[in-house]
Every structure is written in C-alpha cells, then in structure tokens.
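# Observations on the three-dimensional arrangement
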Amino acid sequence: MDYSPPPLFKQGASARVRVVFFAVLAIFLLVVDARLKSLTLVRQILGSVLYPVQMVAVMPRDTIKRMSDYFVSVTALEKENTQLKRQQTQNADSLQQSGHLMAENTHLRKLLDARERLQVKSVMAEIIYDARDPATRKVIIDRGIKHGIALSQPVIDDKGVVGQVTRVFPLTAEVTLLTDKNQAIPVQILRNGLRSVAYGRGQSSYLDMRLTTNADIQNGDQLVTSGIDGVYPPGLAVAKVMQVENKANTTFESILCVPTAGIDRNKQLLVLLISTDNLPRPDTEDVRAKKEKLNRKVTRDAAAPASDTKPVDQPMKDLPVKENTAKDTPPKEAAAKDVPATPAKEPTP
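Residues numbered from 1 in each chain as written. Predicted model: local features only at pLDDT ≥ 70, side-chain atom pairs only at ≥ 80, totals over all residues. Heavy atoms only, no water.

## Remarks on the layout of surface pockets
A water-sized probe, rolled over the atoms, reveals where empty space remains. Heads up, the condition is: Cavity and pocket criteria rest on a 1 Å grid covering protein atoms alone: a 1.4 Å probe that fits but cannot get out defines a cavity, protein on both sides within 12 Å along at least 5 of 7 lines defines an open pocket, and an atom within 4 Å of a point defines a lining residue. Grid points are joined across faces, edges and corners, and a volume is the space filled by probe spheres set on the points. In this text, helices come from DSSP runs of H or I with a minimum length of four residues, and strands from runs of E with a minimum of two, each type numbered from the N-terminal end. When residue character is reported, Ala, Val, Leu, Ile, Met, Phe, Trp, Tyr, Cys and Pro are called nonpolar, Asp, Glu, Lys and Arg charged, and the others, Gly included, polar.
By volume, the second largest pocket amounts to about 250 Å³. Elements with a contribution of two residues or more to the lining of the second largest pocket: β1 (122–130) and β2 (138–141). Per-class residue counts for the lining of the second largest pocket are six nonpolar, three polar and six charged.

Here it is as structure tokens:
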C-alpha cells in the first residue's frame, strides 16, 4: 500500500529530511549560544515581539486567579475583622479589670499601712454581700470564729471606723455599719476634747449627734473615738461635722456628721481582734426598741417650750430653816431677851 501523498501535494524535501535539518540547526544554535553568547540580541528581539502574544495567552488564567483572590480576600477580611472586634472587647474588659485591680491594690496597701500603725492585732476581711433586710445597714464578711472574730469587735478601713461585729458564724460574720439606726459610737471632738455619742440615721449615709446649745462645736470639727467604751481604741477617725442646727425652743443642738470611712465604697475591711469577753453583750432587738422609745420621749420632753411646763412647789423639807440661837431658853424668855427694855415714863403732875 502506497502512503505517499499525491503528486499534486509534493513540494520540497521530505518530512524526514526537514526534521533532521531543523534538529541539527537547533543543536548548532545551542552550541553557538552557549559558547559564543552571540544570540542574546536575537533572543531579546524575539521576546519583545512575542510579549503581546504571551500576555493574550495568559490573560484568562490571570482573570480567574484575580477573581479567586478577591473572594478569598473578602472572606479573610471578614474573619479578621470579627477576630479584631472580639480581641478589642477582651482588651477593654482586661483594661477595666486592670483599673479595678489597681484601685483595689492601692486600697489594700493603705489597709496594710493602717494595720502596721495600730497597736492591736487585726485580720483582713472581704465583703461577700449586703444583708437581706433593706431597712438595716449591715454587710457579711468572709471571716468568722475560725479566724478569731468575736462579737462587738470594731471594723475599720484605711480612713476610719466602718462599724462593729454584731453576729458571728464559723466562717462568716455580720458587721453593722455606723449609719445603721441601732448603732452608736462614743466620740470625742479632736479640737477641744469634748465627748459625746454619735448615732446612725438608718437609710441616710450620715450620723447624728446631740450636744447642749452652749457646747463648743463648729462645722468641720473632726470626731474621733474616745475609747471610754472599751471597744474602739481611742483616736480612730469617725466623722466630720457638716452642719450644726440650733433651734431656739430646744436645749440641744442637732449636729449632722459625715463618716470619714468609706462606708459604702470599700470591699476590703480590717477587723480589730480586741478581747470582748469582759464587755456587756449587745442588747436584743426588744431592748433596743424600748431604749429608742425612751430616748424619743426624753428628747420630746426636753424639746417642749418652757412656757408649757408648770412650776413645781418646793417641798417644805427642802426650805432653809433658821437656827434658833437660844436653844436652852424658852421662847418667851428668848423674845424678851432679844427686845431691849424701854425705860418707864414718870407720871405727869
């Protein structure tokens, strides 16, 4: 079978001759370019001519790649944005916590400084929660009988007196704040040494104190513990006089005081481990109510105008009795003795 092309299509040399020729030419050019470096200019010209053809050939590939990169980059950006927002929130939380920790650290340093200045033993306590009764001013701390806490022990912070332990449990204790309506503390004016008692006002964050109208007290006076009750060591800061009210129809001045300590601000407190075995136990609620009722009655009676009070007759036994100078002389003779004798008149003729 003859596979040769028809005579019409036979042009030039055969295919084998052309393959051999071009193969030899290629080998020759490779050898010449490797040895003599003479085809560099030809290569550059051919590269410049063929560059547009190459760009057109790779354009579909680049278009597909750019589209793939666009969608991938959008997804990556959204994921990165979500991650950055989450990290920003975590950093904000950490920043706020660091501020709180710095403030707490400063407060603890002040408490330790106050602990070193005190001459009595003390234990650090932390407030767990407030008491359930909204009408009282009490908090629960995380120290109890196991840590040496006892009834009536004073509780302070770095600035002054906070309150007093009123109930003790094995691992916790109840502290009644100074502003509680049933809490009282003996105080002394630092400027002149005048002693009195400060009382809580209940829901208000102030203290009350009563003194006579002629008492030497001024706005801004500092109140400290007097130490006469045997519970609070003398010299602890209690409050500062804010307002002095003097009414004309009363014999007492109503004094409004601001506590020096952070009653509602601090979380860490210092309990002074003072021995309270020889101290009287706190009154019960019934006794406190009776005393409070009696105090209100006494205050109301003292506040009554002087015109409404009736004079009371003085008992006869209290009147002064003039002593008889002539104890052994009868009354008539004593009277005759005391009166000088008058000479008798002569009768007229």
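## Thoughts on the confidence of the model for the protein chain
To be explicit about the condition: The pLDDT score gives, residue by residue, the confidence of the prediction method on a 0 to 100 scale. In what follows, residue pairs with any heavy atoms lying within 4.5 Å of each other are defined as contacts.
Scored by pLDDT, the protein chain has a mean of 77; 75% of the residues are at 70 or more. Averaged pLDDT values for the elements of the protein chain fall to 41 in helix α4 (residues 331–338) and rise to 92 in strand β5 (residues 173–177). Contacts for the low-pLDDT stretch residues 306–349, under 50 throughout, to residues beyond four places or in other chains number three contacts.

## Quick notes on the sheet that holds strand β7 (residues 195–200)
Test applied: Here, any two strands with at least 2 DSSP bridges between them count as paired. Axes here mean lines fitted to C-alpha atoms, for a helix over just the part in contact, with angles spanning 0 to 180 degrees between N-to-C directions.
Taking strand neighbours around the barrel as the criterion, the six strands line up as β6-β7-β8-β11-β10-β9 in a closed arrangement whose pairing is antiparallel. Each neighbouring strand pair of the sheet contributes to a mean axis angle of 40°, computed without reference to strand direction.

## Here we look at the packing of aromatic side chains
Operational definition: Stacked, edge-to-face and tilted labels apply to pairs of Phe, Tyr and Trp rings (six-membered ring for Trp) whose centres lie within 6.5 Å, assigned for plane angles under 30 degrees, over 60, and everything in between, in that order. Per-residue accessibility, obtained with a 1.4 Å probe over protein chains only, is compared with the maximum for each type, and a residue is labelled buried under 20%, exposed over 50%, and partly exposed between these values.
A full pass over the atoms with the stated rule returns two aromatic pairs. When the ring of Phe21 is compared with that of Phe22, the centres are 5.3 Å apart and the planes differ by 70°; the resulting orientation is edge-to-face. A ring pair is formed by Tyr70 and Phe71, whose centres lie 5.4 Å apart and whose planes are at 75°; its orientation type is edge-to-face. Residue Tyr70 is classed as exposed on the basis of its relative accessible area, which comes to 52%. For Phe71, a relative accessible area of 52% puts it in the exposed group.

## Concerning the side chain of Arg137
Convention followed: Whenever a nitrogen or oxygen atom comes within 3.5 Å of another N or O atom, the pair is scored as a polar contact, on the condition that within protein one atom can donate a hydrogen and the other can accept it, and that pairs from neighbouring residues in sequence are kept only if both atoms are in side chains.
Mapped onto the fold, Arg137 is located in the loop between β1 and β2. Of the polar contacts made by the side chain of Arg137, one reaches the side chain of Thr179; its length is 3.1 Å. Residues within four places of Arg137 in sequence aside, it is in contact with Val175, Thr176, Leu177, Thr179, Asp180, Gly202, Gln203, Ser205 and Asp264.

## As for the pattern of salt bridges
Where side chains of opposite charge bring their charged atoms close, a pairing between them can arise. Selection rule: Each reported salt bridge corresponds to a side-chain nitrogen of Lys or Arg within 4 Å of a carboxyl oxygen of Asp or Glu.
Counted according to the given criterion, the structure contains eight salt bridges. The salt bridge partner of Arg167 is Glu174, with a shortest N-O separation of 3.9 Å. The closest approach of N and O atoms between Arg191 and Asp221, which form a salt bridge, is 3.0 Å. Placement of Arg191 in the loop between β6 (184–189) and β7 and of Asp221 in the loop between β8 (207–212) and β9 (222–225) is noted, with a sequence separation of 30 residues between them. Classification of Asp221 as buried rests on a relative accessible area of 6%. Here the salt bridges share partners, and the residues they tie into one network are Lys138, Arg167 and Glu174.

## Here we look at the environment of Leu256
Tracing the chain through its elements places Leu256 in strand β11 (residues 252–259). Overall, the relative accessible area of 15% leaves Leu256 in the buried class. With 14 residues separating them in the primary sequence, Leu256 and Met242 have C-alpha atoms 5.6 Å apart.

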